[in-house]
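One-letter residues, chain by chain:
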Amino acid sequence: MKTAIRRQMTINTDVMDLLNEQIALEMHASASYLAMASWCDQRELVNSKAFFYKQAEEEREHGMKIFNFVNDAGGAAISPAIPHVNNEFEGLREIYEKSLDQEIQVTQSIYKCFKKARNTDDFASEVFLQWFVNEQVEEEDTVRSIIDIFDLMEGMPLKMIDERLPTE
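The structure displayed is predicted, hence computed values, not measured ones.

Caption draft 1: Highlighting the overall build of the chain. When helices and strands are counted, the chain shows five helices and zero strands. In the chain, the succession of α and β elements from N to C terminus is α-α-α-α-α. Across its three principal directions, the C-alpha atoms of the chain cover 70 × 30 × 20 Å. The buried share of the chain, taken over its 168 residues, is 45%. Contacts in the chain between residues at least 24 apart in sequence constitute 78% of all its contacts with a sequence separation of at least 6. When the accessible surface of the chain is split by element, carbon and sulfur atoms take 52% of a total near 9,500 Å². Here the chain holds 17 positive side-chain charges and 31 negative ones, and the gap between their average locations is 5 Å.

Caption draft 2: A look at the packing of aromatic side chains. Under the definition given, this model contains nine aromatic pairs. Seen from their ring centres, Phe 51 and Tyr 96 are 5.7 Å apart, and the 40 degrees between their planes marks the pair as tilted. Of this pair, Phe 51 sits in helix α2 (residues 46-72) while Tyr 96 sits in helix α3 (residues 92-119), placing them 45 residues apart in sequence. A residue is classified by how much of its surface remains accessible, and Tyr 96, at 0% relative accessible area, is buried. For the pair Phe 69 and Phe 128, a centre-to-centre distance of 4.0 Å together with 5 degrees between the ring planes defines the contact as stacked. Note that Phe 69 is positioned in helix α2 and Phe 128 in helix α4 (residues 123-152), a separation of 59 residues in sequence. Using a relative accessible area of 15% as the deciding quantity, one classes Phe 69 as buried. The class for Phe 128 is buried, based on a relative accessible area of 15%. Taken together, the aromatic side chains of Tyr 33, Phe 51, Phe 52, Tyr 96 and Phe 150 make up a single cluster linked through ring pairs. When the ring centre of Trp 131 is taken as reference, the NZ or CZ atom of Lys 65 above it lies at 3.5 Å. Its guanidinium or amino end placed over the ring of Phe 132, Lys 65 lies 5.7 Å from that ring's centre, counting from NZ or CZ.

Caption draft 3: Layout of the side chain of Glu 126. Structurally, Glu 126 is set in helix α4. The buried category is assigned to Glu 126, whose relative accessible area is 15%. Apart from the residues within four sequence positions on either side, Glu 126 is in contact with Phe 114, Ala 117 and Arg 118.

Caption draft 4: Representation of the pattern of salt bridges within the structure. In total, this model carries nine salt bridges according to the counting rule given. Residues Glu 44 and Lys 159 are paired through a salt bridge, measuring 3.9 Å at the closest nitrogen-oxygen approach. Residue Glu 44 is located in the loop between α1 (13-42) and α2, and its partner Lys 159 is located in helix α5 (residues 158-163); the two are separated by 115 residues in the primary sequence. A network of salt bridges, in which partner residues are shared, links Arg 93, Glu 97 and Asp 151.

Caption draft 5: Main features of the side chain of Ser 30. Relative to the helices and strands, Ser 30 resides in helix α1. With relative accessibility at 9%, the residue Ser 30 sits in the buried group. Of the polar contacts made by the side chain of Ser 30, one reaches the backbone oxygen of Ala 56; its length is 2.7 Å. Not counting the four nearest positions on each side in its chain, Ser 30 is found in contact with Ala 56, Glu 59 and Arg 60.

The rules behind each value
Residues numbered from 1 in each chain as written. Predicted model: local features only at pLDDT ≥ 70, side-chain atom pairs only at ≥ 80, totals over all residues. Heavy atoms only, no water. Helix = DSSP H or I, 4+ residues; strand = E, 2+ residues; numbered from the N terminus. Buried < 20%, exposed > 50% of the residue type's maximum accessible area, 1.4 Å probe, protein only. Contact = heavy atoms within 4.5 Å. Areas by Shrake-Rupley, 256 points an atom, 1.4 Å probe, with all protein chains shown as cover. Lys, Arg positive; Asp, Glu negative; His and termini not counted. Charge placed at Lys NZ, Arg CZ, Asp CG, Glu CD. Phe/Tyr/Trp six-rings, centres within 6.5 Å; stacked < 30°, edge-to-face > 60°. Lys NZ or Arg CZ within 6 Å of the ring centre and 35° of its normal. Salt bridge = Lys/Arg side-chain N within 4 Å of Asp/Glu carboxyl O. Polar contact = N/O pair within 3.5 Å; in protein donor to acceptor, adjacent residues only side chain to side chain.

And the structure:
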């Protein structure tokens with residue numbers, strides 16, 4: 001009788017552990033963006049609402065991309081528990097500033113994963129993570145540009161500022 005042969009584990013276990021932490025971070029970021037989108041939705045800030053709903057979906061997709069990679073590499077992806085998500089915000093600018101802080105945290109975590117992959121000769125993980133390195137440059141730049149709009153439009157009504165913000 002033949003038994004199923006487990007796929008060979010090609011991922012370094014230390015990299016796998018860091019990627020599981022990254023999955024949790026991406027899923028928490030997704031939940032945080034949902035909270036931000038809801039806050040904007042309640043105040044009829046249409047562009048910001050659309051932006052944060054899109055961000056929530058993107059972060060979930062990133063988490064799933066990593067989840068699938070870990071399993072495809074013979075590792076064990078772990079479905080994360082989502083810790084407390086803040087749903088209270090003082091204002092729209094604060095939300096975008098928190099978004100930037102969150103993106104910086106995600107970037108630093110990606111760099112940590114990338115560095116571990118490189119240092120352990122886990123070439124497949126390093127190549128996989130290159131996409132995320134490039135993506136994070138774009139994510140941070142987008143939010144920084146939005147915060148610049150707040151600086152340029154200081155003192156203007158919130159709805160007028162929101163109308164000038166990107167939805168993507």
